[in-house]
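Spelled out from the first residue to the last, the chains are:
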Amino acid sequence: MIHYHPRKRLTVCMLSVLAVLCLPAENMVKNGNFNDWDDAQSRPVGWTVRSPQDYSPLPQEGGLQVKVVKEQGGYGEVLQRFEVNPRGTYRLSGAIRADRDDLAFFQVKRYGGGKELNRFATSRNKGGDWCEVEKNFEAGGAEFVEVLLRWQQNEAAVGARAAFRNLQFEELPPLVYEGEEVPPRVVPTFNSAGFYWKPTGGTESRAVSLSYRKKGEAGWREAMPLWFDATRHADAGEPHTGEYRGSLVYLDAGTEYEARLQLQDGPERVVAFATQSENFKIARTVRLPAAYEGTYVIDAGGNPDEGYVLYEAETGGGGFWDAAGESANLEINASWVIVRGLTLKNGGRHGIILGDVDHVVVDRCDISHWGETGPDGQARNFNSAIFSASKLLHSIVVQHCDMHDPRSDSNSWAEQRPGTRSKHPEGPQAISFMGGQGRYVIRFNRIYSDMDHMFNDGMGESKNFGFAGFPNRDSDIHDNFVSHCWDDALEVEGANMNVRVWNNYIDMSLGAIGGAATSLGPVYYFRNVYAVSRKHSGMSANDLRGHYLLKIGNERPQYTRGKIFLLHNTALQPPSFEGSSVPSSGAQSGIVYTSSKKLQENITSRNNILQMRYGKDWAIRDTQKTFSCDYDFDLYNGRIMAREGAESNGIVGVPLYERTADGRLWLVPGSAGHDAGARLPNFNDNFSGDAPDMGAVETYSQEAKPLHWPDFPENYYPPVEPEVEGAVLP
């Protein structure tokens with residue numbers, strides 16, 4: 001149960017199975033039922049009338065009636081303006097009626113900085129009776145809003161009538177969870193752990209601190225606080241309203257830990273947990289032939305008590321498995337299975353298909369030459385090295401695999417798909433888990449190809465906007481090399497609840513990370529490196545355009561209110577494409593909302609290096625200047641579009657690197673970004689010097705280069721421009 005502290009009146013609402021008491025503030029609307037009437041002006045008192053139509057009161061029912069007597073462009077409007085709390089949450093409600101469906105609605109326009117920020121509307125009237133409608137929204141930094149009565153007033157609407165009544169505009173008190181405590185829950189992987197807790201009295205203004213230690217240690221180590229989800233979610237997101245969530249990272253596998261959660265001025269809870277062991281318990285081993293033709297089906301697995309059944313290729317055979325025209329090389333229809341050491345080729349559509357399974361490990365497999373091309377020359381979308389369409393899929397590990405050189409080829413954003421008007425890439429992927437439940441670990445893999453056999457995305461799924469998606473929740477994607485994608489190397493979109501993405505090296509793709517919508521979160525993107533960015537295989541200026549480190553935004557606000565952390569990532573600028581006058585070959589945008597209509601709240605960026613090709617490129621392009629987004633302590637050389645105060649501790653400039661013995665690049669001591677980052681407990685504990693460095697690699701770090709990272713390219717330094725147009729200077 002979630003309570004709102006009482007103000008004046010009480011209304012009872014229902015959200016799914018939870019009872020929610022909504023205790024709003026006093027109605028801010030003057031003359032909301034239109035009882036006060038200016039007979040001389042023939043209009044309601046306290047309202048601004050902007051459309052020359054006929055207005056009359058409804059004295060018996062209460063309300064305002066508008067008759068469309070004159071054709072006008074667009075929509076008619078009658079409005080009031082209200083000053084608002086920039087951090088407040090509001091509800092607009094009322095009733096509408098019209099003699100034509102979809103004629104009338106209420107609308108809100110938000111204003112800040114002297115201009116309109118955005119607008120949104122309630123649903124429209126249906127049928128001939130009064131329709132009760134409402135809209136909840138956050139002020140999101142607005143200084144004032146306009147509440148409007150709207151109706152169609154085109155030629156077809158002349159003679160029609162619309163009516164409005166019982167208009168109420170109220171500020172909602174902060175969300176407070178006052179139900180019975182939901183005890184802390186921990187979901188560990190090998191090197192991470194996700195936390196969930198609903199303490200009684202939880203609210204956005206009361207932090208939950210997180211600390212941890214190995215079992216038997218005396219002292220506690222500090223971690224980043226849990227994030228409070230103050231959004232009133234509906235549908236599948238509703239159980240997570242009022243919940244604290246967050247992750248620990250850099251844990252040791254197969255180790256017992258304790259975590260301490262402390263609600264500010266409230267209870268403390270200590271929970272014990274153990275990370276997953278990398279020493280998989282084996283119930284029995286099945287030796288597979290070194291060579292096989294057709295589709296091999298695994299339908300016998302282990303169980304939690306006895307462990308996994310290991311299916312392992314014979315050693316010394318030197319052969320490979322040829323699907324020989326069949327849909328896939330291997331189908332796995334049993335849980336608690338490990339498949340190790342197979343070389344799979346020529347899957348008609350996929351390399352491996354996972355059924356309704358869980359606890360499956362695909363280890364040290366080489367998968368290539370899969371995928372189908374249609375008669376029109378278009379590659380089949382989502383043909384994958386590893387594929388699943390199971391909605392029951394969970395607890396999957398893909399590690400130490402090479403997924404490379406599909407037989408089919410995705411179109412690029414410069415190529416129109418046959419029979420359509422779309423240029424959105426479609427084609428093969430390395431991993432596609434469609435509708436699964438999450439808890440995936442995808443690590444230490446190499447995903448690569450050539451310019452004639454490109455991937456669509458390196459990994460992802462089709463339904464990205466909602467409370468599921470890929471990898472959904474409680475998942476780790478780390479230490480992978482991913483290249484040759486005409487869209488996103490990593491498409492991480494959907495719930496993204498306690499998802500961690502780190503130490504990935506991304507090359508030769510349009511964009512690095514597609515994070516277009518996060519509905520729940522938190523998702524953590526940290527210490528990833530992006531190298532070559534490219535739109536198409538040709539050599540025109542348009543073909544060689546680069547794009548984003550992180551793609552953001554969706555137009556449906558209910559799916560864009562989760563938490564995103566972008567920490568210690570690096571966008572490199574490798575040397576120019578051979579034979580091109582383009583100055584370098586890296587990203588041309590950093591954190592970018594892809595249109596002016598796209599939304600995403602609650603982004604925190606810290607300690608990133610956002611080096612763009614040109615100073616005119618967007619290092620950050622938050623088209624909404626989103627109030628809840630917090631960009632700071634980044635090193636960048638492009639333009640910034642963000643709310644006032646963004647990057648107040650950022651540094652405008654380009655990084656100066658020196659090459660390490662193992663082929664990485666770290667910042668030259670004393671150069672821009674060195675010892676200039678923000679402290680992030682648990683995420684940058686092992687820094688050297690006075691403060692953490694910006695970027696993915698800490699100077700003088702003793703940590704080894706991730707397994708599949710190549711040597712970094714020789715760094716390229718665009719000329720330092722004396723002024724960066726549009727940038728927010730520190």
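Analysis parameters
Along each chain, residue indices are assigned from 1 in the same order as the chain's sequence is written. In keeping with the model being predicted, local features are shown solely for residues with a pLDDT of at least 70 and side-chain atom pairs are shown and tallied solely at 80 or more, while totals for entire chains, interfaces and linings include all residues. The basis for every side-chain value is the complete set of non-hydrogen atoms in the structure, without hydrogens or water. Note on definitions: salt bridges are taken to be side-chain nitrogens of Lys or Arg within 4 Å of carboxyl oxygens of Asp or Glu. Every helix listed is a DSSP run of H or I at least four residues long, and every strand listed is a run of E at least two residues long, numbered separately from the N terminus. For our purposes a nonpolar core is just a set of buried Ala, Val, Leu, Ile, Met, Phe, Trp, Tyr and Cys residues, chained together by side-chain atoms within 4.5 Å. For every residue, the accessible area (1.4 Å probe, protein chains only) is compared with the maximum for its type, and the residue is labelled buried under 20%, exposed over 50%, or partly exposed between those bounds. Confidence per residue, as judged by the predictor, is encoded in pLDDT with a range of 0 to 100. Contacts are residue-level and defined by heavy atoms, with any inter-residue pair within 4.5 Å sufficient. Whether two strands pair comes down to DSSP finding at least two bridges between them. Throughout, an axis means a line fitted to C-alpha atoms (over the contacting stretch in the case of helices), and angles, computed between N-to-C directions, take values from 0 to 180 degrees. The aromatic pairing rule takes the rings of Phe, Tyr and Trp, using the six-membered ring of Trp, and pairs them if the centres are within 6.5 Å, calling planes under 30 degrees apart stacked, those over 60 edge-to-face and the rest tilted. By convention in this document, the label disulfide applies to cysteine sulfur atom pairs within 2.5 Å. Under this definition, polar contacts are N or O atom pairs within 3.5 Å; protein pairs additionally need one hydrogen-donor-capable and one acceptor-capable atom, and for neighbouring residues in sequence, both atoms have to be side-chain atoms.

A. Looking closely at the pattern of salt bridges. Across all of its chains, the model carries 29 salt bridges by this definition. Note that R287 is salt-bridged to E312, the shortest N-O span being 2.8 Å. On the criterion of sequence distance, the pair formed by R287 in strand β26 (residues 282-288) and E312 in strand β29 (residues 308-313) is long-range, its members being 25 residues apart. Ionic pairing is found between E601 and R561, a salt bridge with its closest N-O pair at 3.7 Å. Of this pair, E601 sits in the loop between β55 (589-593) and β56 (603-606) while R561 sits in the loop between β52 (548-552) and β53 (564-567); the two residues are 40 residues apart in sequence, bridging distant segments of the chain. Through salt bridges with shared partners, a single ionic network connects R50, E77, R81, E146 and R150.

B. Spotlight on the nonpolar core. Judged by nonpolar contacts, the single largest core of 73 residues is most densely connected at L354, I386 and M403. Broken down by element, the residue count for this core peaks at four residues, all from strand β46 (residues 481-491). Membership of the second largest hydrophobic core comes to 36 residues, among which are W47, V49, V68 and V84.

C. Quick look at the confidence of the model for the protein. Taken over all residues, the pLDDT of the protein has a mean of 92, while the share at 70 or more is 94%. Note on residues 1-24: pLDDT under 50 across the span, and 60 contacts to partners over four residues away in sequence or across chains. Long-range and interchain partners of residues 719-730, a stretch whose pLDDT sits below 50, account for 26 contacts in this model, where long-range means more than four residues apart.

D. Structural view of the sheet that holds strand β10 (residues 89-98). Read from one edge of the open sheet, five strands run β7-β8-β15-β10-β13, paired in antiparallel fashion. Unpaired on one side and paired on the other, β7 (54-57) and β13 (131-138) mark the two borders of the sheet. Between one strand axis and the next, the sheet turns through 25 degrees on average, direction left out of account. Relative to β13, β10 is paired through eight bridges, and the arrangement is antiparallel. Bridge assignment links G94 to a residue of β13, and that residue is V133.

E. Local environment of the packing of aromatic side chains. In total, this model carries 36 aromatic pairs according to the counting rule given. The interplanar angle of 55 degrees and the centroid separation of 5.1 Å between the aromatic rings of F120 and F137 together place this pair among those described as tilted. Residue F120 is located in strand β12 (residues 115-121), and its partner F137 is located in strand β13; the two are separated by 17 residues in the primary sequence. Neither residue differs from the other here; F120 and F137 are each classed as buried.

F. The state of the cysteines, seen in detail. Using the criterion set out here, one finds zero disulfides in the structure. A disulfide-free cysteine, C365 has its sulfur positioned 4.9 Å from the sulfur of C401, the nearest such atom. Using a relative accessible area of 2% as the deciding quantity, one classes C365 as buried.

G. Inspection of the side chain of N31 at higher detail. Positionally, N31 belongs in the loop between β3 (18-22) and β4 (37-38). Owing to a relative accessible area of 15%, N31 belongs among the buried residues under this scheme. At a separation of 2.9 Å, a polar atom in the side chain of N31 contacts the main-chain carbonyl oxygen of V45. Setting aside residues no more than four positions away along its own chain, N31 makes contact with D36, P44, V45 and W47.

H. How the structure looks around the environment of Y631. By secondary structure assignment, the location of Y631 is in strand β59 (residues 630-631). Judged by its relative accessible area of 1%, Y631 falls in the buried class. Spatially, the C-alpha atom of Y631 lies 5.8 Å from that of T604, the residues being 27 residues apart in sequence. Residues contacting Y631, with those up to four places away along its chain left out, are I591, Y593, I603, S605, R606, I620, D622, A642, A646 and E647. A distance of 2.9 Å separates the side chain of Y631 from the side chain of D622, its partner in a polar contact.

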